[in-house]
There are 2 protein chains.
Amino acid sequence: MKLFSFWQSSASYRVRIALNLKGLDAHYVSINLSPDVQAQLKPDYLDLNPEGRIPAIAVDEGLIGQSMAIMEWLEELHPEPALLPGDPWQRAKCRQFANTIACDIHPLNNASVLRWLTGELEVEQAKLMKWYKHWINRGFEPLEKQAAASEAEFLFGDAPGMAEICLIPQMFKGRQFGMKFETFPTLCALEEKCLTLDAFERARPENQPDAPENL
Amino acid sequence: MKLFSFWQSSASYRVRIALNLKGLDAHYVSINLSPDVQAQLKPDYLDLNPEGRIPAIAVDEGLIGQSMAIMEWLEELHPEPALLPGDPWQRAKCRQFANTIACDIHPLNNASVLRWLTGELEVEQAKLMKWYKHWINRGFEPLEKQAAASEAEFLFGDAPGMAEICLIPQMFKGRQFGMKFETFPTLCALEEKCLTLDAFERARPENQPDAPENL
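Residues numbered from 1 in each chain as written. Chains lettered and ligands numbered in written order. Predicted model: local features only at pLDDT ≥ 70, side-chain atom pairs only at ≥ 80, totals over all residues. Heavy atoms only, no water.

## Details of the packing of aromatic side chains
Describing an aromatic ring pair means giving the distance of the ring centres and the angle of the ring planes.
Right, so step 1: Per the counting criterion, the structure on display carries 25 aromatic pairs over all chains.
Right, so step 2: A ring pair is formed by A:Phe97 and A:Phe156, whose centres lie 6.2 Å apart and whose planes are at 80 degrees; its orientation type is edge-to-face. With A:Phe97 in helix α4 (residues 88-109) and A:Phe156 in the loop between α6 (125-149) and α7 (162-176), this residue pair connects regions lying 59 residues apart in the sequence. Like A:Phe156, A:Phe97 is buried.
Right, so step 3: An aromatic cluster is defined as three or more aromatic residues linked by ring pairs; in this entry it consists of A:Trp116, A:Trp131, A:Trp135, B:Trp116, B:Trp131 and B:Trp135.
Right, so step 4: Taking NZ or CZ as reference, A:Lys193 lies 5.0 Å from the ring centre of A:Phe154, over its face. (Phe/Tyr/Trp six-rings, centres within 6.5 Å; stacked < 30°, edge-to-face > 60°. Helix = DSSP H or I, 4+ residues; strand = E, 2+ residues; numbered from the N terminus. Buried < 20%, exposed > 50% of the residue type's maximum accessible area, 1.4 Å probe, protein only. Lys NZ or Arg CZ within 6 Å of the ring centre and 35° of its normal.)

So, in structure tokens, the structure goes:
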């Protein structure tokens, strides 16, 4: 199994955590998303993955992209340890939490979108930051409420799963943009707890083989 | 079961199709997303759904939001007819297709984002259209390739599922913006085929109880 990833990509970060939690090994293939390289749009990668995005997983059957689809696939093939709770209603709430990040927050703040805003739309830096923070806050407010109401050790049980897998990389990205998340104390405490776990620690951007040495 | 929906909301349109395909009835509750109403952000709806978004489904256990999470939940509780293929690899490819729309296309072109662009960022109409078309084309190109390579009656078998459920509402939205999709002939043929089916027909925006009478 190969994982096409980039150290800074938060969607790749999700899949790295999922693989680690499940104890699965994948050969790391770096796809450099830097604006001056954009390896994801080079012909040799597009031949493999016409979407021109990462993460993607390649196995004998072919290639699969989209982090949420990859996680569901991993969950079906390797059910234990589970990334989703056992109870259908709790599974739904866990997927809802994860999708709030994957569909409502991350897509608006990813690198290619921010480049379009500053490039094609000539949005200046202060307004870009306002945009960035708006979509984080709009999404994180209900997530904080939900997290604060949870009585479990993690969001949906005694182990982290799909919800935490989406949350921690999104907070990493926000911190890169200078966000402190001080109005989201429950989510910050959860982040701290997750990052003490080996599966999250090994998946961190700075611990990837393609991360710069002096971060 | 209650469905919180708005006739023009393409994410609500997804859930309407899914309910119809599974033969499930839900009481339709209109949440008016119009800029001058914004019922999704009113206190009585926020009490039910702190995310302030639609679609959402309310049942005895509570409320669940996020169309992708709702569909997975429906699939688990009512497995037949299935929205996902039986084979794990095909399920993964189907979810990938659906997530390309749900995570890479729709979030950039939904109403609240377009309002932010024209409002806060003062983006003019021509540039807004360029933005709109860019994200559609960026996502649809690989989807057209994938659809053209499919030998099945629908994308992933002999019946429509999660992939078509995401595709048709996205094309509806694009057409509202004047897009003709002429460079995506396979997807257009698929759209035409889906719209002949009762489950899709009944879910169409113009057939909802809150649609204006003279469209």
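Back to the write-up after that little detour.
## Section: the side chain of A:Ser9
All names here are of chain A.
Right, so step 1: Mapped onto the elements, Ser9 comes out in the loop between β1 (2-5) and α1 (10-22).
Right, so step 2: Looking at Ser9, the relative accessible area reads 9%, which means it is buried.
Right, so step 3: A distance of 2.7 Å separates the side chain of Ser9 from the side chain of Ser12, its partner in a polar contact.
Right, so step 4: What Ser9 contacts, discounting residues up to four positions off in sequence, is Arg16, Leu33 and Ile54. (Polar contact = N/O pair within 3.5 Å; in protein donor to acceptor, adjacent residues only side chain to side chain. Contact = heavy atoms within 4.5 Å.)

## Remarks on the nonpolar core
Right, so step 1: A:Leu117, A:Trp131, A:Phe140, B:Leu117, B:Trp131 and B:Phe140 are the most contacted members of the largest nonpolar core, which totals 128 residues.
Right, so step 2: Ignoring sequence-local partners within four residues, the contact set of A:Phe140 consists of A:Ile105, A:Leu167, A:Gln170, A:Met171, A:Phe181, A:Phe184 and A:Leu187. (Core = buried A, V, L, I, M, F, W, Y, C linked by side-chain atoms within 4.5 Å.)

## Considerations on the environment of B:Ala26
Residue and element names in this part refer to chain B.
Right, so step 1: The residue Ala26 is located in the loop between α1 (10-21) and β2 (27-30) in this model.
Right, so step 2: Put simply, Ala26 and Lys2 are 24 residues apart on the chain and 5.1 Å apart in space, counted from C-alpha to C-alpha.
Right, so step 3: Not counting chain neighbours up to four residues away, the residues in contact with Ala26 comprise Met1, Lys2, Leu3 and Leu19.

## Re the relation of the copies chain B and chain A
Right, so step 1: Overlay of chain B on chain A (RMSD 0.0 Å): rotation 180 degrees, translation along the axis 0.0 Å. The operation mapping one copy onto its partner corresponds to a two-fold rotation axis. Nearest to the rotation axis, the C-alpha of B:Cys103 is located 2.4 Å from it, this being the minimum over chain B.
Right, so step 2: With an isologous cut-off of 70% or more, the 100% of interface residues of chain B that recur at the interface of chain A puts this contact in the isologous class. (Least-squares fit on C-alpha atoms with pLDDT ≥ 70 in both.)

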